[in-house]
Amino acid sequence: MKVTRALQPILPLCQRLLPDMRTLPGILNLSSFPTLPNLPGLPGLPGLPSRLAGLSLTLLKATALDLAILAGHLLLYPSGIAQERRATARPALPRAAGAEDPAQLPTKAPLPVVLLHGFIDNRSVFVLLRRSLAQHGRHRVESLNYSPLTCDIRTAAELLGRHIEEICERTGSSQVDVVGHSLGGLIARYYVQRLGGDGRVRTLVTLGTPHSGTRVAPLANAHPIVRQMRPGSALIEELSRPAPGCRTYFVSFWSDLDHLMDPLETACVDHPDLLVQNVRVTGIGHLALPVHPAVATGIRQALDTARTGASADARTGGRAGTRTGTQTDGLTVA
């Protein structure tokens, strides 16, 4: 009796860690085992064999992958604590007499890409994504570290804005693309929607970002930023306000195995004034989103597809003043 009473407080946590077990295909055939009787003090607890039979191989693989990524990231974490060195603008090469002015030639150089990490993290999380971008022509990629002591998403968004202005001045580019993981995506969205950043950010890609707030880990409410990421918070309410004429194109990758998003669909952007593509990723968890090569391919495709006002109008039927254009796609990586 004492043992079963001790288990009662952690039962909801176990159910949270293994959601929808009854609806997922089993990996064990335990139908021959008798159903265990309900334990005293735990009314309605299903038998152990039926619980084991409900475990999903995909869920187990995704969990193992997340743990492996976490272990590797802990090793790389010290290398990303310091801010990266800013690349200096390259001086123009001298032109021969009579040569055409390079400034008059059409150029298709990709926009600079700014990477923004998640909560209690740093730029080392993007090591593999940076390599993938560089291998496909994206050589102007920079990461911004914001302090783990940051206690306000608005403050971090202002820092991001100053960083982007500095990049534009240094590179001569009028716009950038931004990729934000988890909290980083929320910071970037606040900059775009509430601080006028839509003039600088052409495409914002978010990875596992709680756009509508997440209810996971209630004990973490002691941290002010975690409270800002809760459903119904003042900041989440700000992001739900009208944003007419927002020029940034949003691409949101969300995973059906992301246990940090509660509910899972909170990682989708749902706003009537924003042009959005929500991409459902099947087979990986939260930590794998900025690491997995299939997601990296999807990110590159999103960044390589220029979205202008004309294309936005085409997506919305050419109706003046209408910016809504939500599209849902899927990406299976398992």
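Reference entry: report on the structure contained in this document. Numbering of residues starts from 1 in each chain and follows the order in which that chain's sequence is written. Given that the model is predicted, a residue must reach a pLDDT of at least 70 before its local features are reported, and side-chain atom pairs must reach 80 or more before they are shown or counted; all residues, however, enter totals for whole chains, interfaces and linings. Calculated side-chain values reflect all of the structure's heavy atoms, with hydrogen atoms and water omitted.

**Section: unusual backbone geometry**
- The amide bond that connects Asp 262 to the next residue, Pro 263, takes the cis arrangement and shows omega of 5 degrees.
- Note that Pro 263 resides in the loop between strand 5 (249-255) and strand 6 (275-282).
- Despite not being glycine, Ser 182 shows a phi value in the positive range, around 55 degrees.
- One can find Ser 182 in the loop between strand 3 (176-181) and helix 7 (183-194).
- If you check the backbone angles, Ala 217 has positive phi at about 50 degrees while not being a glycine.
- Put simply, DSSP marks the helices as runs of H or I at least four residues long and the strands as runs of E at least two long, and each gets a number from the N terminus on. Relative to the helices and strands, Ala 217 resides in the loop between strand 4 (201-207) and helix 8 (224-228).

**Some words on empty space enclosed by the protein**
- In this analysis the probe radius is 1.4 Å and the grid spacing 1 Å, with only protein atoms considered; a cavity is a set of points the probe fits into but cannot get out of, a pocket is an open set with protein on both sides within 12 Å along at least five of seven lines, and lining residues have an atom within 4 Å of a point. Grid points are joined across faces, edges and corners, and a volume is the space filled by probe spheres set on the points. This structure, assessed with the given rule, holds one cavity of 30 Å³ or more.
- Roughly 40 Å³ of internal volume is contained in the largest cavity.
- Every residue along the wall of the largest cavity is listed here: Leu 133, His 136, Arg 138, Arg 300, Leu 303 and Asp 304.
- Three classes are used: nonpolar for Ala, Val, Leu, Ile, Met, Phe, Trp, Tyr, Cys and Pro, charged for Asp, Glu, Lys and Arg, and polar for all others, with Gly counted as polar. Here the residues of the lining of the largest cavity sort into two nonpolar, one polar and three charged.

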